[in-house]
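The lines below spell out each chain.
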Amino acid sequence: MPRSNRPRRAVPGRPGPGKVQKPGAKGGPVPELDLERARSGFARRESAPDGEWSVRPITASRAEKTYICPGCSTAVQPGVAHLVVWSEDHLFGAAAGLAERRHWHTNCWSSRSYRYR
């Protein structure tokens, strides 16, 4: 006897045979989205004459502390969007570069000078 191509009736509250219920489908738990984290961006790599850098943007709402910008030697105030920058090719390894990360104003980082003093 040939097989029927008709779909079987689903029992309410249970997924059909061979189907996995997706989160949020028909009363399933919905994971909460952290939009601020998604908007804040990911670390990107930049190459410059002074080395390889990881640059991570910080949104204004996530900036909670005061830092000193190494570009202009003024404060990066709480509530100001800025960049966190660390060296990828540090002499003592990546962990040392990460430990020496600095908070820069976005404009100070983009207009920094590559001249060696």
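Remember, predicted model here, so these are calculated numbers, not experimental data. (Residues numbered from 1 in each chain as written. Predicted model: local features only at pLDDT ≥ 70, side-chain atom pairs only at ≥ 80, totals over all residues. Heavy atoms only, no water.)

So, about the environment of W53. Here W53 shows up in strand β2 (residues 51-58). In the structure, W53 is positioned 35 residues away from E88 in sequence and 5.2 Å away in space, judged by C-alpha atoms. Contacts of W53, omitting those with residues within four sequence positions, involve R44, R45, E46, A48, V85, W86, S87, E88, W109 and R112. In this structure the side chain of W53 is engaged in a polar contact, spanning 3.2 Å, whose partner is the side chain of D50. (Helix = DSSP H or I, 4+ residues; strand = E, 2+ residues; numbered from the N terminus. Contact = heavy atoms within 4.5 Å. Polar contact = N/O pair within 3.5 Å; in protein donor to acceptor, adjacent residues only side chain to side chain.)

A few words on the environment of S54. As for its position among the elements, S54 is in strand β2. Separated by twelve residues in sequence, S54 and F42 have C-alpha atoms that sit 9.8 Å apart. Sequence-distant contacts of S54, that is, excluding residues within four places in its chain, are made with R44, R45, V84, V85, W86 and E88.

A separate point is the pattern of salt bridges. Counted by the stated rule, this structure contains four salt bridges. Here R44 ties to E46 by a salt bridge, and the two come within 3.2 Å at their closest N and O atoms. Of the residues examined, R44 reaches a relative accessible area of 37% and is grouped as partly exposed. On the basis of relative accessible area, E46 is assigned to the partly exposed category, the value being 22%. R45 is paired through a salt bridge with E88; the nearest N and O atoms lie 3.5 Å apart. In this pair, R45 sits in strand β1 (residues 44-48) while E88 sits in the loop between β5 (82-87) and α2 (94-99), placing the two residues 43 residues apart along the sequence. With relative accessibility at 56%, the residue R45 sits in the exposed group. If you follow the salt bridges from partner to partner, you end up with R45, E52 and E88 in one network. (Salt bridge = Lys/Arg side-chain N within 4 Å of Asp/Glu carboxyl O. Buried < 20%, exposed > 50% of the residue type's maximum accessible area, 1.4 Å probe, protein only.)

Note on aromatic pairs: each is described by the distance of the centres and the angle between the planes. Scanning all chains against the criterion turns up two aromatic pairs. Both rings, one in W104 and one in W109, keep their centres 5.1 Å apart while their planes meet at 75°; by these two values the pair is edge-to-face. No difference in accessibility class separates W104 from W109, as the two residues are buried. Three or more aromatic residues link up through ring pairs in this structure, and these residues are W53, W104 and W109. Over the aromatic face of W109 sits the side chain of R112, whose NZ or CZ is 3.5 Å from the ring centroid. (Phe/Tyr/Trp six-rings, centres within 6.5 Å; stacked < 30°, edge-to-face > 60°. Lys NZ or Arg CZ within 6 Å of the ring centre and 35° of its normal.)

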